[in-house]
Amino acid sequence: MTGAGVELRIQYPESSAFDVFVNNVEVQINNWDTKIGAPGKLTKTAGCGENRFVGVKNYMDVFVTPGCEFEIRPRNAVLTNVRMEWTLAAFYADGGTSTFADRISAALGIHKSRVKVVAVYEGSVIVQHLIMAETTDANPKATLDAIKKSVTAKVLAETLFLGGKILSADLGPDLFGVKTDILNPLGLTPAQLAGGTQLDLTVGGAGGVAGSEEISMGGVLASLALSLGPTLLFLSRTPAVIKLMDDLNNPNEEE
Amino acid sequence: MGTETAKTVSKTENIHVWGEDTAVKKPYCKTRNGFWFAGGLGGGKELHPKSSSALPVYKIKSAGVWRHTTDFKSITFHDFAVPTIQGCSGTRQYAIGPNVGASDHIHIQNFKNTVFDNVHEESMIYIFDPPKSWANPTDCGNFPCTAPQNAVVKFTGTTYKGAVKASFTDADFQAVGNYKSVMHDTCVKKDKWNAFFCKNTKIGILKFDSLDGDTMDRSVQPVYIKNYSTGLVNKLNNDMDHCWDGVYTCQKRRTRFIAQVQTDKAYTIEYTGTPPGK
């Protein structure tokens, strides 16, 4: 038996943190359902505002009854993905999302309520979660920047204990929609990682010819200069650019 | 006239509206409605306008408000016995219909104990499609605003009398705007109404808007309301730009959407822009 009301699904382009309020009272997200690796489906019996957000697929489900008004309020949060060498069965046997949130909050020194798991799926075990700033935080950007630094440092130092060995971790997509693995920021393939690829990150490094798979920052810059140089030279000689440069250099000059 | 916060009501009670079913010497040859839907709007007009810019008085120049209800009791429509106006080719008369400028938010129109006296079924109601002329950069953008096709009119306690009657005798029914792809349970299309006739008390209106700071500036439309089980695809536009800054419109349109829904169904909302944060 379900209550009368509309089940709404709102599609979002990426995982985000939201709270749902009815009459200025927050309606808690549905409890985790281990079978589907997401917050439980709407029961339609919990009243107006019953909700869940499903990560990876990035949608929010909200139940709204006739005459009811609800409000969705965004939370400032860091979207984090962690892939662990584990099995889903072992993950849930170890306490699942609740224990995971406990461990994240303990490691970062924050309250557990600020950690929201939005998706758990196989591969080995990937947990997508949001680490949120307090709603009363006067400077949430600084708080979230500090959280990002802390997560990055702990992952690199292998001191972030989440139950299984961390194989990869990222802090969500950047402005260009690209996720960067904290443990493999250059995105090397497993073969490259296993093959002992030499990296020379010294700009203009002299040792940049140690092997065919070697990446040299000096070499990258040189390649960029060689490829962009002729283009820039050509553009700088076109009449429009010459006039633009002239206008910039002599802004007050009348034509 | 309504407000964004307080509940306002449009009330009409015990009035009689007559159509024209006999030939007259000099007929007024224009398609007409006996009764226009009432709207809860952000701004009204003086009863006696003092400037020509306020004319015609019926022209809507503000967006619909969030909260508003309508309450029309015991309205009797007489003598809309023929759909056309005699002596005027191509013109029609309808007892009920939306204001010709109702672009943004047609609140649910509640008609209680309405009497159709000598009213032809084809003349009972007509809900026009959003005119293509609304699709321009100064009004609704690249497609018309979508209020008329999401209009919901509810009749309860309706009675029928006179020589000309509708083919149905339902006391309770609904007429809803014509969106192309689907209808609610029990609804049937009535071409002459350009609307659906329904016997479904679960039909309602879903409204949602952006509370972000850029709600008047950033466009996220079209927004699609989809029901994957029925195949419904309702393409929504937001409010018309009603503001004028000298001779130009202000390029300010509230990000608010109105959609007819059935209140026991599941719908997916898909924005074509980044969804509002709140």
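So, how was this worked out
- Residues numbered from 1 in each chain as written.
- Chains lettered and ligands numbered in written order.
- Predicted model: local features only at pLDDT ≥ 70, side-chain atom pairs only at ≥ 80, totals over all residues.
- Helix = DSSP H or I, 4+ residues; strand = E, 2+ residues; numbered from the N terminus.
- Buried ≥ 20, exposed ≤ 12 C-beta atoms within 10 Å, placed from the backbone.
- Contact = placed C-beta atoms within 7 Å.
- pLDDT = per-residue confidence, 0-100.
- Expected span 1.5 Å × (residues − 1).
- Arc of directions from axis to C-beta.
- Core = buried A, V, L, I, M, F, W, Y, C linked by C-beta atoms within 7 Å.
- Domains from an automatic or database assignment.

J.: Could you clarify how one ought to interpret the overall build of chain A in this entry?
T.: Check the secondary structure of chain A and you find six helices and 14 strands. For chain A, buried positions account for 25% of its 255 residues. Expressed as a percentage of contacts within chain A between residues at least 6 apart in sequence, the contacts between residues at least 24 apart total 56%.

J.: Would you explain the confidence of the model for chain B in this entry?
T.: As a general rule, the predicted coordinates of low-pLDDT regions are not to be interpreted in detail. For chain B, the average pLDDT comes to 88, and 98% of its residues sit at 70 or higher. Taking the mean pLDDT of every element in chain B, the minimum, 72, falls on strand E15 (residues 244–245) of chain B and the maximum, 97, on strand E8 (residues 159–161) of chain B.

J.: Help me out: how do you make sense of helix H3 (residues 140–156) of chain A in this one?
T.: One turn of an α-helix holds 3.6 residues; hence residues three or four places apart share an orientation. Residue and element names in this part refer to chain A. Compared with an ideal rise of 1.5 Å per residue, which puts 17 residues at 24 Å, H3 spans 24 Å between its outermost C-alpha atoms and is within 8% of the ideal. For H3, the set of buried residues is Ile147, Val151 and Val155. One side of H3 holds all its buried residues, which, seen down the axis, span an arc of 55°. Projecting away from the buried face of H3 at angles above 90 degrees are the exposed residues Lys141, Ala142, Asp145, Lys149, Ala153 and Leu156. Those residues of H3 hidden inside the fold are in contact with strand E9 (77–85), helix H2 (96–108), strand E11 (125–132) and strand E12 (165–170). Positive backbone phi, at 55°, marks glutamate 158, one or two positions downstream of H3.

J.: Would you take a moment to explain the nonpolar core for this structure?
T.: A general tendency of soluble globular proteins is for nonpolar side chains to be buried together. Among the nonpolar cores identified, the biggest contains 95 residues, and Ala95, Ile125, Ala151, Ala175 and Val176 of chain B are the most heavily contacted of them. For this core, the element with the highest residue contribution is E11 of chain A, accounting for six residues. For this core, the domains that each give at least three residues are domain 1 (6–75) and domain 2 (77–185) of chain A. Discounting chain neighbours no more than four positions away, the residues touching valine 176 of chain B are Ala151, Val152, Cys187, Ala195, Phe196, Cys198, Ile203 and Gln260 of chain B.

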